[in-house]
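Each chain is listed here by its residues.
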Amino acid sequence: MEYDTQTKNRMKRIEGQVRGLLKMMEEEKECRDVVTQMSAVRNALDRTAALIVSKNLEQCIREEKESEESSEDLIKEAVNLLVKSR
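Keep in mind that this is a model prediction, so the values were computed, not measured. (Residues numbered from 1 in each chain as written. Predicted model: local features only at pLDDT ≥ 70, side-chain atom pairs only at ≥ 80, totals over all residues. Heavy atoms only, no water.)

## Quick notes on the overall build of the protein
Of regular secondary structure, the protein possesses 3 helices and 0 strands. In terms of overall dimensions, the protein is more spread out than a globule: its C-alpha atoms have a radius of gyration of 17 Å, far above the 12 Å expected for 86 residues. Dimensions of the protein along its principal axes, counting C-alpha atoms only, are 55 × 25 × 10 Å. Here the protein, with 86 residues, has 16% of them falling under the buried criterion. For the protein, the share of sequence-separated contacts (at least 6 apart) that also reach a separation of at least 24 residues comes to 60%. On the protein, roughly 6900 Å² of surface is accessible, and the fraction owed to carbon and sulfur atoms is 51%. Across the protein, 16 positive and 18 negative side-chain charges occur, with their mean positions spaced 7 Å apart. (Helix = DSSP H or I, 4+ residues; strand = E, 2+ residues; numbered from the N terminus. Rg over C-alpha atoms; globule rule 2.2 N^0.38 Å. Buried < 20%, exposed > 50% of the residue type's maximum accessible area, 1.4 Å probe, protein only. Contact = heavy atoms within 4.5 Å. Areas by Shrake-Rupley, 256 points an atom, 1.4 Å probe, with all protein chains shown as cover. Lys, Arg positive; Asp, Glu negative; His and termini not counted. Charge placed at Lys NZ, Arg CZ, Asp CG, Glu CD.)

Written out as structure tokens, the structure is:
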């Protein structure tokens, strides 16, 4: 699968959030602030994973017309990927 610039930029922002989180920990910031930042990172990863799965599903359904695989199988696979990511 080819990943677009927007998705890569999302991951770079998440990387920056993680670096900021490590800096907060090194600076011994308050627990609630660290956990809040951790939650933001997790949410950003979850949204990005969902975006990747949805784009992949869309692409697979378009290609499905040329293959033997059914849309139902592709949808089940996408749901399983989303469940695994949680």
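## Observations concerning the side chain of Thr48
Within the secondary structure, Thr48 is located in helix α2 (residues 31-64). According to the relative accessible area criterion, Thr48 is buried, its value standing at 2%. Ignoring any residue separated from it by four or fewer positions in sequence, one finds Thr48 in contact with Thr7, Arg10, Met11 and Ile14.

## Things to note about the confidence of the model for the protein
Looking at the protein, pLDDT values average 88 and 94% of them are 70 or higher. When pLDDT is averaged over each helix and strand of the protein, the minimum, 78, is found for helix α3 (residues 71-85) and the maximum, 97, for helix α1 (residues 5-26). (pLDDT = per-residue confidence, 0-100.)

## Quick notes on unusual backbone geometry
Phi at Glu28 is positive, roughly 55°, even though this residue is not glycine. Residue classification places Glu28 among the exposed positions, given a relative accessible area of 71%.

## Describing the packing of α1 against α2
Direction vectors running N to C along α1 and α2 enclose 165°, while the axes themselves pass 10 Å from each other. With respect to their mutual orientation, α1 and α2 come out roughly antiparallel. For the pair α1 and α2, the sense of crossing is left-handed. Its residues assigned to classes, the contact of α1 with α2 comprises 14 nonpolar, 5 polar and 4 charged. (Axes fitted to C-alpha atoms, helices over the stretch in contact; angles between N-to-C directions. Parallel < 35°, antiparallel > 145°, perpendicular 65-115°, else oblique. Left-handed = near helix turned anticlockwise from the far one by under 90°. Nonpolar A, V, L, I, M, F, W, Y, C, P; charged D, E, K, R; others polar.)

## Description of the pattern of salt bridges
The final tally for this structure, using the stated rule, is 3 salt bridges. The salt bridge partner of Lys55 is Asp4, with a shortest N-O separation of 2.5 Å. Of this pair, Lys55 sits in helix α2 while Asp4 is found in the segment before α1, placing the two residues 51 residues apart along the sequence. For Lys55, a relative accessible area of 27% puts it in the partly exposed group. Between Arg19 and Glu15 there is a salt bridge, with its nearest N and O atoms 3.0 Å apart. With Arg19 and Glu15 both in helix α1 and 4 residues apart, the pair spans about one turn of that helix. Of the residues examined, Glu15 reaches a relative accessible area of 40% and is grouped as partly exposed. (Salt bridge = Lys/Arg side-chain N within 4 Å of Asp/Glu carboxyl O.)

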